[in-house]
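Below, each chain spelled out in residue letters.
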Amino acid sequence: MRSARALAARPRLWPTALVAVARFAPDGWWRRPPFLPLPPGGLVRFRSETMYGDPGAAPSPADLVVWLEWCRAQNRRQRHPPRRSG
């Protein structure tokens, strides 16, 4: 819930968050309970272990915001690569 509040306060990150949800959601997520586009448990555990050293750790709202900011910057860079001079 804290992560949702942190994201709600940053409307410019909403499109980035929706893209991330679509990228991480497993195929056919709507056919299986809980009928939410949640990433696979194995991926969540792997990401938590590599980030926090604990596969059961939940990301903090601040970490989620930082990651979405990074994703947004990467997406913008791909759409508008820097021009080479000379």
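Look a little higher up for the structure.
Residues numbered from 1 in each chain as written. Predicted model: local features only at pLDDT ≥ 70, side-chain atom pairs only at ≥ 80, totals over all residues. Heavy atoms only, no water.

Caption draft 1: Up close: the packing of aromatic side chains. This structure, assessed with the given rule, holds two aromatic pairs. With a centroid separation of 5.9 Å and an interplanar angle of 55 degrees, the aromatic rings of Phe24 and Trp67 are classed as tilted. On the criterion of sequence distance, the pair formed by Phe24 in helix 2 (residues 14–24) and Trp67 in helix 4 (residues 61–79) is long-range, its members being 43 residues apart. The exposure class of Phe24 is partly exposed, given its relative accessible area of 30%. Here the aromatic rings of Trp29 and Trp30 are separated by 5.9 Å at their centres, their planes lie at 85 degrees, and the arrangement is edge-to-face. Owing to a relative accessible area of 27%, Trp29 belongs among the partly exposed residues under this scheme. (Phe/Tyr/Trp six-rings, centres within 6.5 Å; stacked < 30°, edge-to-face > 60°. Helix = DSSP H or I, 4+ residues; strand = E, 2+ residues; numbered from the N terminus. Buried < 20%, exposed > 50% of the residue type's maximum accessible area, 1.4 Å probe, protein only.)

Caption draft 2: Up close: the environment of Leu36. With respect to the element layout, Leu36 can be found in the loop between helix 2 and helix 3 (41–52). Assessed through its relative accessible area of 46%, Leu36 is described here as partly exposed. Between the C-alpha atom of Leu36 and that of Pro26, which follows or precedes it by 10 residues, the distance is 9.8 Å.

Caption draft 3: Representation of helix 2. Of all the residues in helix 2, the buried ones are Thr16, Ala17 and Ala20. Looking down the long axis of helix 2, one finds its buried residues gathered within 100 degrees of arc, a one-sided arrangement. Residues of helix 2 that are exposed and point more than 90 degrees away from the buried face comprise Leu18 and Ala22. Contacts from the buried residues of helix 2 go to helix 1 (2–8) and helix 4. (Arc of directions from axis to C-beta. Contact = heavy atoms within 4.5 Å.)

Caption draft 4: Focus on the side chain of Asn75. Along the chain, Asn75 falls in helix 4. Judged by its relative accessible area of 16%, Asn75 falls in the buried class. With residues up to four places along the chain from it excluded, the contact list for Asn75 reads Thr16 and Arg23.

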